[in-house]
Amino acid sequence: MQQEFQEFADEKAAEENRAAESVTDADSTDENRAVFLISKIPAGARIVARTYAEIDEKTGRAQYRDYVGHVVGHETAKKETAQSGSPGSETLILLRDAAANGSRKEQIVRIRAEDIVRIKPIPERKTAMLPRLKP
């Protein structure tokens, strides 16, 4: 029984390593796709942008950070180096939502397109129903 569990654990660890390698490969090849997507997102859209943070030292798994909010716009910064053939780096400007528990106020964040792993549209946050006033 212990040996079967160890084989299963080793197989899962190998799958996670392959998945982590594919994420880093996708980041380098999908850089132009992320820049294209950022320029196509309309201002005012509510999205979640997932960025790659780091690899956890204990588990070896990739860590991500999610930014939920409304798109303010995007900007392109010209790179100073003449060696790079790319026109510049794209940045997503997002009005990050306040935390639901009140621990964080809303804030403006700038996220580079190279750091974005996934962008997904999400519905508006539900608000409490206000009682109707009778005239």
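Just so you know, the residues in each chain are numbered from 1, in the order the chain's sequence is written. Totals for whole chains, interfaces and linings use all residues, but because this is a predicted model, local features are given only for residues with pLDDT of at least 70 and pairs of side-chain atoms are given and counted only at 80 or more. To obtain the side-chain values, all non-hydrogen atoms of the structure were included, while hydrogens and water were left out.

## What about the overall build of the protein chain?
Reasoning step 1: The helix and strand labels rest on DSSP assignments: H or I over at least four residues marks a helix, E over at least two residues marks a strand, and numbering proceeds from the N terminus. Summing up its helical and strand segments, the protein chain has two helices and five strands in all.
Reasoning step 2: The linear arrangement of helices and strands in the protein chain, starting from the amino end, is α-α-β-β-β-β-β.
Reasoning step 3: Relative accessibility under 20% of the residue-type maximum defines a buried residue, over 50% an exposed one, and the middle range a partly exposed one, all with a 1.4 Å probe and only protein chains included. Here the protein chain holds 135 residues, and the buried ones make up 19% of them.
Reasoning step 4: The criterion used for residue contact is that any of the two residues' heavy atoms lie within 4.5 Å. Contacts spanning at least 24 positions in sequence make up 50% of the contacts within the protein chain whose residues lie at least 6 apart.
Reasoning step 5: For the accessible areas, the method is Shrake-Rupley and the probe is 1.4 Å, while residue cover comes only from the protein chains on display. Carbon together with sulfur atoms contributes 52% to the accessible area of the protein chain, which is approximately 10,700 Å² in total.

## A look at the packing of aromatic side chains
Reasoning step 1: Each Phe, Tyr or Trp ring, with Trp reduced to its six-membered ring, pairs with another whose centre is within 6.5 Å; inter-plane angles below 30 degrees give stacked pairs, above 60 give edge-to-face pairs, and intermediate values give tilted ones. What the rule picks out here adds up to one aromatic pair.
Reasoning step 2: On the numbers, 6.1 Å between centres and 70° between planes, the contact of Tyr 52 with Tyr 64 is edge-to-face. One end of the pair, Tyr 52, is in strand E1 (residues 46-55); the other, Tyr 64, is in strand E2 (residues 62-77), with 12 residues separating them in the sequence.
Reasoning step 3: A relative accessible area of 31% places Tyr 52 in the partly exposed class.
Reasoning step 4: With a relative accessible area of 33%, Tyr 64 lands in the partly exposed category.

## Describing the environment of Gln 63
Reasoning step 1: Structurally, Gln 63 is set in strand E2.
Reasoning step 2: Of the residues examined, Gln 63 reaches a relative accessible area of 31% and is grouped as partly exposed.
Reasoning step 3: Gln 63 sits 12 residues away from Thr 51 along the chain, and the two C-alpha atoms are 8.8 Å apart.
Reasoning step 4: Ignoring any residue separated from it by four or fewer positions in sequence, one finds Gln 63 in contact with Thr 51, Tyr 52, Ala 53, Glu 54 and Asp 56.

## A few points about the environment of Ala 98
Reasoning step 1: Along the chain, Ala 98 turns up in the loop between strand E3 (89-96) and strand E4 (107-112).
Reasoning step 2: For the pair formed by Ala 98 and Val 68, sequence separation is 30 residues and the distance between their alpha carbons is 9.0 Å.
Reasoning step 3: Here Ala 98 is in contact with Arg 104, Lys 105, Glu 106 and Arg 125, once residues within four sequence places are set aside.

## A word on the nonpolar core
Reasoning step 1: Among the buried residues, those of types Ala, Val, Leu, Ile, Met, Phe, Trp, Tyr and Cys that are joined through side-chain atoms within 4.5 Å form a nonpolar core. Within the largest apolar cluster, 12 residues are counted, these being Ile 38, Ile 41, Ile 47, Ala 49, Tyr 67, Val 71, Leu 92, Leu 94, Val 109, Ile 111, Ala 113 and Ile 116.
Reasoning step 2: Mapped by element, the contributors of at least two residues to this core are E1, E2, E3 and E4.
Reasoning step 3: For Ile 38, the contacting residues outside a window of four places in its chain are His 74, Glu 90, Thr 91, Leu 92, Ala 113, Ile 116 and Ile 119.

## Focus: the sheet that holds strand E5 (residues 116-121)
What holds strands together in a sheet is hydrogen bonding between their backbones, with the strands either parallel or antiparallel.
Reasoning step 1: The strand order across the open sheet built from five strands is E4-E3-E2-E1-E5, with neighbouring strands paired in antiparallel fashion. Among the strands making up the open sheet, the edge pair consists of E4 and E5. Direction aside, neighbouring strands of the sheet carry axes that sit 45° apart on average.
Reasoning step 2: For two strands to be treated as a pair, DSSP must find at least two bridges joining them. Pairing analysis gives nine bridges linking E1 to E2, with the strands arranged antiparallel. Considered in E2, the bridge of Ala 49 is made with Tyr 67. For helices, the fitted axis covers only the stretch in contact; all axes are lines through C-alpha atoms, and the angles between them, taken along N-to-C directions, range from 0 to 180 degrees.

Purely geometric stuff here, so don't read any function into it on its own.
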